[in-house]
Amino acid sequence: MAGVALLVDGLTVQFGSFRAINDLSLAIDYGEVRAVIGPNGAGKTTLLDVISGITRPKDGRVLFGDTLDITRQSESAIARAGIRRKFQKPSVFEGLTVRQHIEIGTEAGFRRKYEGPALEARVAEVLEIVGLTEQAARMAGELSHGQKQWLEIGMVLASDPRVLMLDEPVAGLTDEETARTAALVRSLKRPDRAIVVVEHDMDFVELIADRVTVLHEGRTLFEGSMDKVRADESVVEVYLGR
Ligand SMILES: Nc1ncnc2c1ncn2[C@@H]1O[C@H](COP(=O)(O)OP(=O)(O)OP(=O)(O)O)[C@@H](O)[C@H]1O
Ligand SMILES: [Mg+2]
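## A look at the sheet that holds strand β7 (residues 163-167)
Strand order in the open sheet made by the six strands is β6-β7-β8-β3-β9-β10, with mixed pairing throughout. In this open sheet, the two edge strands, each paired with only one partner strand, are β6 (83-86) and β10 (219-224). Neighbour to neighbour, the strand axes of the sheet diverge by 20 degrees on average, direction disregarded. Note: β6 against β7, four bridges, orientation parallel.

Structure follows, in structure tokens:
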């Protein structure tokens, strides 16, 4: 499956008089892992909020595939279409088990995608992928911070999304946990899936990203391989050099 998974076209998001996203256009292809980086407040999370239907833009559109306009669709319709997202703020349910989280994750936008034995099989598969099989019966509140991040990745993976967006998946993780997360993200790459990762950890970005988009003040400052990003003077000046 080749082609464009997400096309962001002339997007502007305004909060009062402040433009968090300013006439932003970018395309993310199926098969790639795209990192979105940039300084605090650059608009990274806001971009994911628009794509996932949480924030309405003032202008511009988001197309899923190169034709389906999702700009004004509801969060649940966008999830049903196959676009899932992990939030920047940790958000596990302390009093539910790990298994229950993955079960909930299989329901994208209030639609049951798996039932009976297929549900059991999917939950087992996802637990294995994110390395939490042995924790399945534990309460999520008892997990380590790293395990909670993997659980959240498992939740968004569970419905088998076409577009998977992760907002800061390694924030607060140890080096070893970060390395495991990089291997996990790479293992999720598929020709019919696009993966979008927002992160500040550049060593992690280097391990996972096929291409990197650098946002600054709601616009694309630079786009290219991590090598080119590191070598770009404007990126060093506004972000990497700080
Ligand atoms: N709901 C909102 N109302 C007002 N301003 C907002 C809102 N959401 C975000 N902003 C502002 O928009 C800008 C972009 O925020 P955003 O969360 O997208 O940044 P970010 O690139 O994800 O930063 P970080 O790396 O710190 O997570 C910031 O200045 C933020 O304060
Ligand atoms: Mg953010």
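## Some words on the site of ligand 1
Taken together, 14 residues sit near ligand 1, with Asn40, Lys44, Thr45, Thr46 and His200 positioned nearest. Within the contact set of ligand 1, an oxygen atom lies 2.8 Å away from a side-chain nitrogen or oxygen of asparagine 40. Contact between ligand 1 and threonine 45: an oxygen atom at 2.8 Å from a side-chain N or O atom of the residue. When isolated, ligand 1 has an accessible area of 640 Å², and the protein chains bury 61% of it.

## Description of the nonpolar core
Core analysis: the largest hydrophobic core is formed by 45 residues, its most contacted members being Ile37 and Val212. The element that contributes the greatest number of residues to this core is helix α5 (residues 145-157), accounting for five residues. Lining this core are residues from two domains, each supplying at least three of them: domain 1 (1-82 + 162-172 + 191-242) and domain 2 (87-161). Look past the residues within four positions of valine 212 in its chain and what remains in contact with it is Arg34, Ala35, Ile37, Val205, Phe222, Glu223, Gly224, Met226 and Val229. If you look at the next biggest cluster of nonpolar residues, it comprises 27 residues, including Val13, Tyr30, Leu47 and Ile51.

Definitions and limits used
- Going along each chain's sequence as written, the residues are numbered from 1 onward.
- The naming scheme follows written order: chains are lettered A onward, ligands numbered 1 onward.
- With the structure being a predicted model, the display of local features is reserved for residues of pLDDT at least 70 and the display and counting of side-chain atom pairs for 80 or more, all residues being used for whole-chain, interface and lining totals.
- Only hydrogens and water are set aside when side-chain values are computed; all heavy atoms of the structure are taken into account.
- Whether two strands pair depends on DSSP finding at least two bridges between them.
- Under the DSSP-based scheme used, a helix requires at least four consecutive residues in state H or I and a strand at least two consecutive residues in state E, with every element numbered from the N terminus.
- Think of each axis as a best-fit line through the C-alpha atoms, taken over the contacting stretch in the case of a helix, with angles from 0 to 180 degrees between the N-to-C directions.
- We call a residue near a given molecule or strand whenever any one of its heavy atoms falls within 4 Å of it.
- Under this definition, polar contacts are N or O atom pairs within 3.5 Å; protein pairs additionally need one hydrogen-donor-capable and one acceptor-capable atom, and for neighbouring residues in sequence, both atoms have to be side-chain atoms.
- Per-residue and other accessible areas follow the Shrake-Rupley method at a 1.4 Å probe size, with only the shown protein chains counted as cover for residues.
- Definition of nonpolar core: a set of buried residues of the types Ala, Val, Leu, Ile, Met, Phe, Trp, Tyr and Cys, connected through side-chain atoms within 4.5 Å.
- Burial status follows relative accessibility: with a 1.4 Å probe on protein chains alone, a residue under 20% of its type maximum counts as buried, one over 50% as exposed, and anything between as partly exposed.
- The split of the chain into domains comes from an automatic or database domain assignment.
- The criterion used for residue contact is that any of the two residues' heavy atoms lie within 4.5 Å.

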